[in-house]
Amino acid sequence: ETGVTQSPTHLIKTRGQQVTLRCSSQSGHNTVSWYQQALGQGPQFIFQYYREEENGRGNFPPRFSGLQFPNYSSELNVNALELDDSALYLCASSLGGRGSYEQYFGPGTRLTVT
Amino acid sequence: GDSVTQMEGPVTLSEEAFLTINCTYTATGYPSLFWYVQYPGEGLQLLLKATKADDKGSNKGFEATYRKETTSFHLEKGSVQVSDSAVYFCALTRFAGGTSYGKLTFGQGTILTVHP
């Protein structure tokens, strides 16, 4: 069984640029959630995708957007990067459905905005 | 909205000491509760969980009991090891309706350092 994978591992961008982060969910999982973890803080929910549809969104501006593909992998896109976007971005997958409350996390992508 | 509050850290212990990390929550309905652990430079690993009142989650010597009357889910371990040094996060989720659980709400994390 393959776990959750994310790419790239690290990324450095300049303020104003755009970035795309990628996530492959665990085998058999159809739900992907994205979280932002600033240094020294707990992860904050960005949004969730269930069977290719957005299924909830946290308090993040529209320049944070996402996609889920038919194979349930997912992308997080951030436009017009700001310095405060520097963080560890975590992807988590879950089975979906009423009994699937467990989310399994990938290793994260460390984004630095200069 | 939902929230999770953890005891402030960092926590520094000697090997074989007893560990308690306090966690309290605010949520409507009946949330499921979790402890996640994050080792340096890594993502989050699920440590243990409890889905209803009075459930006890346990794993690798760690335990936590879901106390609805005090809205708490304190993490305990009887004898910590150097390898337990990490950041510990308490979290909750609630069924969001439809066909899927929604977001995890996390506490701010507690840094644990265990010395030999």
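Residues numbered from 1 in each chain as written. Chains lettered and ligands numbered in written order. Predicted model: local features only at pLDDT ≥ 70, side-chain atom pairs only at ≥ 80, totals over all residues. Heavy atoms only, no water.

1. Comments concerning the overall build of chain B
Looking only at helices and strands, one finds zero helices and twelve strands in chain B. Sequence-ordered secondary structure for chain B, helices as α and strands as β, is β-β-β-β-β-β-β-β-β-β-β-β. Compactness check: chain B gives a C-alpha radius of gyration of 14 Å against a globular reference of 13 Å for 116 residues, within 12% of the reference. For the C-alpha atoms alone, the extent of chain B along its principal axes is close to 50 × 30 × 25 Å. Out of the 116 residues belonging to chain B, those deemed buried represent 44%. Long-range contacts, defined as pairs at least 24 residues apart, comprise 57% of the intrachain contacts of chain B with a sequence gap of at least 6. (Helix = DSSP H or I, 4+ residues; strand = E, 2+ residues; numbered from the N terminus. Rg over C-alpha atoms; globule rule 2.2 N^0.38 Å. Buried < 20%, exposed > 50% of the residue type's maximum accessible area, 1.4 Å probe, protein only. Contact = heavy atoms within 4.5 Å.)

2. Topic: the state of the cysteines
By definition, a disulfide links the sulfur atoms of two cysteine residues through a covalent bond. Residue and element names in this part refer to chain A. All chains considered together, the criterion is met by two disulfides over all chains. Through a disulfide, C23 is tied to C91; the S-S separation comes to 1.7 Å. Handedness here is read from the sign of the S-S torsion; for C23 and C91, about -50 degrees, the answer is left-handed. Of the two residues, C23 sits in strand β3 (residues 19-24) while C91 sits in strand β9 (residues 87-94), which places them 68 residues apart along the sequence. (Disulfide = S-S within 2.5 Å.)

3. Regarding the interface of chain B and chain A
With 22 residues of chain B in contact, the opposing surface of chain A contributes 24 residues. Between chain B and chain A lies a buried interface of about 1800 Å² when both sides are counted; carbon and sulfur atoms form 57% of it. Taken together, chain B and chain A are joined by one salt bridge. With a closest N to O distance of 2.8 Å, K49 of chain B and E102 of chain A form a salt bridge. At the junction of chain B and chain A, the tally comes to four residue pairs in polar contact (both at pLDDT 80 or more). For the side of chain B that touches chain A, the secondary-structure elements that each account for two or more residues are β5 (32-38), β6 (44-50) and β10 (86-93) of chain B. (Buried area = accessible area lost by both parts, 1.4 Å probe. Salt bridge = Lys/Arg side-chain N within 4 Å of Asp/Glu carboxyl O. Polar contact = N/O pair within 3.5 Å; in protein donor to acceptor, adjacent residues only side chain to side chain.)

4. Considering the nonpolar core
Residue and element names in this part refer to chain B. Within the largest apolar cluster, 25 residues are counted, with the highest numbers of intra-cluster contacts made by L19, W35, L48, F73, L75 and Y88. Elements that contribute at least two residues to this core include exactly β2 (11-14), β3 (19-21), β4 (23-26), β5, β6, β8 (62-65), β10 and β12 (110-115). Counting residues per element, this core draws most heavily on β10, which supplies four residues. With residues up to four places along the chain from it excluded, the contact list for L48 reads L33, F34, W35, G57, S58, N59, F62, E63, A64, F73 and L75. (Core = buried A, V, L, I, M, F, W, Y, C linked by side-chain atoms within 4.5 Å.)

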